[in-house]
Amino acid sequence: MENLIVELSKYLMLLLFACYTLICFTALNGRKSEKKQRRILKKQTKLIFLIHLNAFAVIFAVQKSFDVLLAYIMQAALLCCILIIYKYIYKRASGLIVNNMCMLLAIGFVILYRLDTDKAMRQYQIAAAAAIITLIIPFFIHKMHFLNKLTWIYAVVGIALLLAVAILGSTSYGAKLSFKVAGIAVQPSEFVKIIFVFYTASMLYRSTEFIQVVKATAVAAVHVLILVASKDLGAALIFFITYLIMLYVATRNTFYLTGGLACGSAAAVAAYHLFRHVRVRVTAWKDPLSVIHDDGYQVCQSLFAIGTGGWFGMGLYQGMPNKIPIVEEDFVFAAVSEELGGFFAVCLIMVCASCYLMFLNIAMQMRDQFYKLIALGLGTVYGFQVFLTIGGVTKFIPSTGVTLPLVSYGGSSLLSTFIIFAIIQGLYILREDREVLDEEKSGRNRRETEKKRR
């Protein structure tokens with residue numbers, strides 16, 4: 001009976017998630033009426049809770065513990081609170097962004113609970129705290145009009161935090177990533193990447209003349225070099241690509257883009273020769289089977305898991321994802337692929353892509369150049385992190401050790417992603433408010449014109 005429940009559940013979950021993914025791209029079409037858009041978003045919300053319920057029904061059938069029911073109720077309540085808060089407090093918030101955030105969070109809860117119950121409960125606690133902490137951010141984005149004037153504060157704070165890690169941080173997997181505050185491990189680079197986006201946007205908002213670009217590039221290089229010195233090369237790559245894209249969009253100068261890519265390629269070659277763990281990851285990427293008992297074990301187990309799962313997956317608790325080292329963090333996508341299937345994993349990628357497209361859409365529609373660059377930068381941070389994670393898991397690129405936002409286990413990563421989504425919501429609300437004001441102003445002008453004609 002248990003096997004039948006698992007087997008039926010995986011197909012139902014795949015069907016529900018495929019419907020959700022299709023609706024994601026339907027909702028991206030802004031030409032629909034407001035009433036129709038609300039109806040589409042309501043369907044999405046129902047699908048989130050159905051997928052979450054379906055997965056936890058399987059978990060309960062396997063574990064037969066009332067702790068599972070308690071965990072389900074707590075998680076469902078959190079998702080419901082997030083949706084209600086954004087619907088009633090921020091009435092002009094983007095429903096699609098809120099839904100996607102909750103959907104990814106729900107998938108993370110499910111797969112983490114299956115892999116490690118204790119880590120799943122800690123993830124829930126961090127998510128609840130993050131939801132409360134970031135609730136006020138859209139309001140601040142709407143009211144604080146001096147954010148573009150804090151350029152050097154962003155730079156000093158970002159560099160100071162990265163230096164603190166480089167000097168005082170503990171080494172994890174060959175890199176200095178975090179230090180402990182009151183017994184809690186904090187990874188500052190996750191938050192500095194947001195501050196870095198604000199710094200870059202404010203610098204390029206002031207001017208895009210050559211001397212300003214040189215100053216911005218020098219400070220950006222300091223950020224990247226500190227990360228390289230800490231051997232946090234995944235974060236360094238995210239900072240570098242984010243800066244390069246923001247610089248190109250702000251200046252429209254192809255020379256900066258090609259020059260930056262050339263310098264980045266040279267730096268990658270230098271890193272290969274300077275750092276042993278870079279050579280290890282490149283070797284594991286090129287031919288993991290040749291080092292399967294050593295450095296290639298993690299990548300090989302990831303590929304075995306993805307291959308074993310096939311298109312439809314083994315079903316929850318039917319695979320062996322725990323054979324992959326650090327599966328809850330860097331390689332959670334492999335666990336999803338093995339037990340929920342390749343089709344489910346592709347839908348997950350598409351949902352992440354719809355988030356990225358929504359971020360870019362907001363960036364293109366912002367009138368203020370500073371806010372435009374903020375949305376572009378945060379979208380790039382999110383999209384490139386997803387690419388690095390999934391690319392490393394599938395052996396498309398060497399593994400970089402970054403997490404899949406909202407799905408992987410990790411407190412700093414989860415909180416920073418909540419902050420990114422909250423800032424984007426603030427920008428979206430700001431844009432919507434200005435459109436409403438413009439419509440009201442246009443209406444007044446029309447009425448005044450009609451009066452004059454009469």
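Please refer to the structure placed before this passage.
From a predicted model like this one, the values you see are computed outputs, not experimental measurements.

Here is what the cut-offs are and how they apply
- Going along each chain's sequence as written, the residues are numbered from 1 onward.
- Predicted model: local features are reported for residues with pLDDT of at least 70 only, side-chain atom pairs are reported and counted for 80 or more only, and whole-chain, interface and lining totals are derived from all residues.
- Side-chain descriptors were evaluated using all non-hydrogen atoms of the structure, hydrogens and water having been removed beforehand.
- Under the DSSP-based scheme used, a helix requires at least four consecutive residues in state H or I and a strand at least two consecutive residues in state E, with every element numbered from the N terminus.
- Only C-alpha atoms enter the radius of gyration, while the globule expectation follows 2.2 Å times N to the 0.38, with N the number of residues.
- Burial classes follow relative accessibility: with a 1.4 Å probe on protein chains only, a residue under 20% of its type's maximum area counts as buried, one over 50% as exposed, and anything between as partly exposed.
- In this description, contact between two residues means that some pair of their heavy atoms is separated by no more than 4.5 Å.
- As used here, the term nonpolar core means buried Ala, Val, Leu, Ile, Met, Phe, Trp, Tyr and Cys residues forming a set that is joined through side-chain atoms within 4.5 Å.
- Salt bridge criterion: a side-chain nitrogen from Lys or Arg within 4 Å of a carboxyl oxygen from Asp or Glu.
- How far a helix is expected to stretch is found by multiplying one less than its residue total by 1.5 Å.
- As used in this structure description, the phrase polar contact means that two N or O atoms lie within 3.5 Å; if the pair is within protein, one of them must be able to donate a hydrogen and the other to accept it, and residues adjacent in sequence are counted only when both atoms belong to side chains.
- Pairs were defined over the aromatic rings of Phe, Tyr and Trp, the Trp ring being its six-membered one, requiring ring centres within 6.5 Å. Orientation was assigned from the angle between planes: stacked under 30 degrees, edge-to-face over 60, tilted for the rest.
- Angles shown run from 0 to 180 degrees and are taken between the N-to-C directions of axes, each axis being a line fitted to C-alpha atoms and, for helices, limited to the stretch in contact.
- Here the word oblique covers every angle except those under 35 degrees (roughly parallel), over 145 (roughly antiparallel) and from 65 to 115 (roughly perpendicular).
- With the far helix as reference, a near helix turned anticlockwise by less than a right angle produces a left-handed crossing, and one turned clockwise produces a right-handed crossing.
- The residue classification treats Ala, Val, Leu, Ile, Met, Phe, Trp, Tyr, Cys and Pro as nonpolar and Asp, Glu, Lys and Arg as charged. All others, Gly included, are polar.
- Only residues above 30% relative accessible area that lack a salt bridge enter a patch, with like-charged residues linked at up to 9 Å and the nonpolar side chains Val, Leu, Ile, Met, Phe, Trp and Tyr linked at up to 5 Å.
- The protein chains shown are the only cover counted for residues, whose accessible areas, like all others here, come from Shrake-Rupley with a 1.4 Å probe.

The next point concerns the overall build of the protein chain. Of regular secondary structure, the protein chain possesses 17 helices and 3 strands. Relative to its length of 454 residues, the protein chain is compact, with a C-alpha radius of gyration of 23 Å against a globular reference of 22 Å. Seen through its principal axes, the protein chain has C-alpha atoms that stretch 80 × 55 × 40 Å. Put simply, the protein chain has 454 residues, and 52% of those count as buried. Within the protein chain, contacts between residues separated by at least 24 positions form 73% of all contacts whose residues are at least 6 apart in sequence.

Below, the discussion takes up the nonpolar core. Ranked by internal contacts, the top residues of the largest apolar core, which has 141 residues, are Phe17, Ile82, Phe418, Ile423 and Leu427. Among the elements that take part in this core, helix α4 (residues 95–115) stands out by supplying 16 residues, more than any other.

Further remarks concern the pattern of salt bridges. Enumeration over the complete set of coordinates arrives at 4 salt bridges. Note that Glu7 and Lys10 form a salt bridge whose closest N and O atoms lie 3.3 Å from each other. In this pair, Glu7 and Lys10 both sit in helix α1 (residues 2–27), 3 residues apart, roughly one turn of the helix. Judged by relative accessible area, which is 34%, Glu7 ranks as partly exposed. The class for Lys10 is buried, based on a relative accessible area of 8%. A salt bridge links Glu339 to Arg114, with the shortest nitrogen-to-oxygen separation between them at 2.7 Å. Placement of the pair is Glu339 in helix α14 (residues 332–340) and Arg114 in helix α4, with a sequence separation of 225 residues. Judged on exposure class, the residue Glu339 and its partner Arg114 are both buried.

Another point: helix α3 (residues 66–88). Note: α-helices contain 3.6 residues per turn, so residues at a spacing of three or four share the same orientation. For α3, spanning 23 residues, the distance from its first C-alpha to its last is 33 Å, which sits close to the expected 33 Å at 1.5 Å a residue. Along α3, the residues classified as buried are Val68, Ala71, Tyr72, Gln75, Ala76, Leu78, Leu79, Ile82, Leu83 and Tyr86. The N-terminus of α3 is capped by Ser65, whose side-chain oxygen sits 3.2 Å from the backbone nitrogen of Asp67.

What the rule picks out here adds up to 25 aromatic pairs. Centroid distance Phe312 to Phe343: 5.4 Å. Interplanar angle 55°. Geometry classified as tilted. With Phe312 in the loop between α13 (297–309) and α14 and Phe343 in helix α15 (residues 342–365), the pair connects residues that are 31 residues apart, well separated along the chain. Classification of Phe312 as partly exposed rests on a relative accessible area of 40%. Judged by relative accessible area, Phe343 falls into the partly exposed class, the value being 35%. With a centroid separation of 5.6 Å and 85° between ring planes, the pair formed by Tyr382 and Phe421 is classed as edge-to-face. Here Phe421 lies in helix α17 (residues 411–453) and Tyr382 lies in helix α16 (residues 369–393), a separation of 39 residues in the sequence. For the pair Tyr382 and Phe421, one class covers both residues: buried. Three or more aromatic residues joined by ring pairs form one cluster here, namely Trp152, Phe196, Tyr199, Phe239 and Tyr243.

The next thing to look at is the packing of helix α7 (residues 151–168) against helix α8 (residues 189–206). For the pair α7 and α8, the least separation of the axes is 8 Å and the interaxial angle reads 150°. It follows that α7 is roughly antiparallel to α8 by the angle criterion. The two elements α7 and α8 meet at a crossing, and its hand is left-handed. Residues Thr151, Trp152, Tyr154, Ala155, Val157, Gly158, Leu161 and Leu162 of α7 pack against Ser189, Val192, Ile195, Phe198, Tyr199, Ser202, Met203 and Arg206 of α8. For the contact of α7 with α8, the residue count by class is 11 nonpolar, 4 polar and 1 charged.

This next bit is on a nonpolar patch on the surface. Side chains of Tyr11, Phe25, Trp311, Phe312, Phe343, Val346, Met350 and Leu357 sit close together on the surface and give an oily, nonpolar patch of about 720 Å² of accessible area. Sorting elements by how many residues they give to the nonpolar patch places α15 first, with 4 residues. Following the sequence through the fold, Phe25 ends up in helix α1. The partly exposed category is assigned to Phe25, whose relative accessible area is 31%.

The topology assignment puts Ser399 in the loop between α16 and α17. In this view, Ser399 contacts Arg281, Phe331 and Gly392; residues no more than four positions away in its chain are not counted.

If you trace the backbone, Gln44 turns up in helix α2 (residues 34–63). Other than its neighbours up to four places away in sequence, Gln44 contacts Tyr20, Ile23, Cys24, Leu96, Asn99 and Asn100.

Let us now look at the environment of Gly169. Along the chain, Gly169 falls in the loop between α7 and β1 (170–172). For the pair Gly169 and Gln44, spaced 125 residues apart in sequence, the C-alpha to C-alpha distance is 42 Å.

Glancing now at the environment of Ala76. Structurally, Ala76 is set in helix α3. Once the C-alpha coordinates of Ala76 and Phe49 are considered, the two residues, 27 residues apart in sequence, prove to be 7.2 Å apart.

Attention now goes to α13. Between its first and last C-alpha, α13 extends 18 Å over 13 residues, near the 18 Å set by a 1.5 Å rise per residue. Considered for burial, the residues of α13 that qualify are Gln298, Val299, Cys300, Gln301, Ser302, Ala305 and Gly309. Where the residues of α13 are buried, they touch α12 (276–286), α14 and α16. Just past α13, the residue Gly310 takes up positive phi, approximately 60°.

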